Amino acid sequence: MAADEATLHGLDSLSVGGLATATGVSKSGILTVFANREAIQLAAVSEARRVVVAEVVAPVWSSEPGAARLRALVESWAAYARRRVFPGGCFLVSASAEFGAQIGPLADAVRDLKREWLDLLATEAETAGGDGRTVAFQVDAFLSAGITRSVLFDSDEELDLALECALDVVASLG
């Protein structure tokens with residue numbers, strides 16, 4: 001729930017009071033689970049990671065490593081974005097934009113999550129014989145732009161274009 005809210009209003013908007021209102025649990029009840037606001041925010045990042053792994057990575061993990069798995073990851077990510085698993089789009093994209101210039105444990109958690117995604121893309125690209133860093137950058141840039149524009153313009157056509165562009169990058173690997 002907190003990760004969903006973060007994609008709509010930002011991680012910085014999460015609070016003990018907001019979570020209490022959203023869940024119907026008292027503030028003191030929330031504070032028995034989470035020590036403070038930052039703990040809620042960190043839990044939202046952790047939950048977002050769990051969701052992305054379950055929705056995007058796990059379903060395609062049995063694909064052959066390299067280009068086949070990279071293609072499957074891109075297609076799986078596009079399907080996850082199209083389903084609006086997170087109501088505000090992609091948690092990784094929105095949190096990266098929100099915390100890119102920040103410092104502290106929450107910004108570090110967002111960076112770690114984004115790095116994990118980029119490293120996964122790069123590893124599969126390298127296995128396919130490509131320049132992992134470059135391919136990960138290109139694929140992530142297309143997907144990030146696609147979901148940003150899809151949410152902004154309320155159009156899956158933007159996701160279709162992003163998917164096509166990202167798959168062109170994967171196809172260029174041979």
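Because the structure is a prediction, the values reported are computed rather than measured.

Draft legend 1. Focus on empty space enclosed by the protein. Inspection of every chain in the model, using the stated rule, returns one cavity of 30 Å³ or more. When its volume is computed, the largest cavity comes out at roughly 40 Å³. Every residue along the wall of the largest cavity is listed here: Trp77, Cys90, Leu92, Val93, Lys114, Trp117, Asp140, Leu143 and Ser144. Among the secondary structure elements, those contributing two or more residues to the lining of the largest cavity are α6 (91-99), α7 (105-127) and α8 (132-153).

Draft legend 2. How the structure looks around the layout of surface pockets. Space inside the largest pocket adds up to approximately 150 Å³. At the level of elements, α4 (37-57) and α7 are the ones that each hand at least two residues to the lining of the largest pocket. Here the residues of the lining of the largest pocket are counted per class, giving eight nonpolar, no polar and two charged.

Draft legend 3. Structural context of α8. Compared with the 32 Å implied by 1.5 Å per residue over 22 residues, the 31 Å span of α8 between its first and last C-alpha is a close match. Turning to α8, its buried residues are Gly132, Val135, Ala136, Val139, Asp140, Leu143, Ser144, Gly146, Ile147 and Ser150. Projected down its long axis, α8 shows its buried positions confined to an angular sector of 160 degrees, all on one face. The exposed residues of α8 that point more than 90 degrees off its buried face are Arg133, Phe137 and Leu152. Check the buried side of α8 and you find it contacts α5 (67-82), α6, α7 and α9 (156-171). Phi turns positive one or two residues past the end of α8, at Asp154, with a value near 50 degrees.

Draft legend 4. Region of the structure containing the packing of α5 against α8. Axis separation between α5 and α8 bottoms out at 11 Å; the angle between their running directions is 15 degrees. The pairing of α5 with α8 is recorded here as roughly parallel in orientation. Where α5 crosses over α8, the two elements pack in a sense that is right-handed. Two secondary-structure elements touch here, α5 through Leu70, Val74, Trp77 and Ala81 and α8 through Val135, Val139, Leu143 and Ile147. Class assignment for the residues of the contact of α5 with α8 results in eight nonpolar, no polar and no charged.

Reading guide: rules and limits
- Residues numbered from 1 in each chain as written.
- Predicted model: local features only at pLDDT ≥ 70, side-chain atom pairs only at ≥ 80, totals over all residues.
- Heavy atoms only, no water.
- 1 Å grid on protein atoms, 1.4 Å probe; cavity = no way out; pocket = protein on both sides within 12 Å on 5 of 7 lines; lining within 4 Å.
- Points joined across faces, edges and corners; volume = space filled by probe spheres on them.
- Helix = DSSP H or I, 4+ residues; strand = E, 2+ residues; numbered from the N terminus.
- Nonpolar A, V, L, I, M, F, W, Y, C, P; charged D, E, K, R; others polar.
- Expected span 1.5 Å × (residues − 1).
- Buried < 20%, exposed > 50% of the residue type's maximum accessible area, 1.4 Å probe, protein only.
- Arc of directions from axis to C-beta.
- Contact = heavy atoms within 4.5 Å.
- Axes fitted to C-alpha atoms, helices over the stretch in contact; angles between N-to-C directions.
- Parallel < 35°, antiparallel > 145°, perpendicular 65-115°, else oblique.
- Left-handed = near helix turned anticlockwise from the far one by under 90°.

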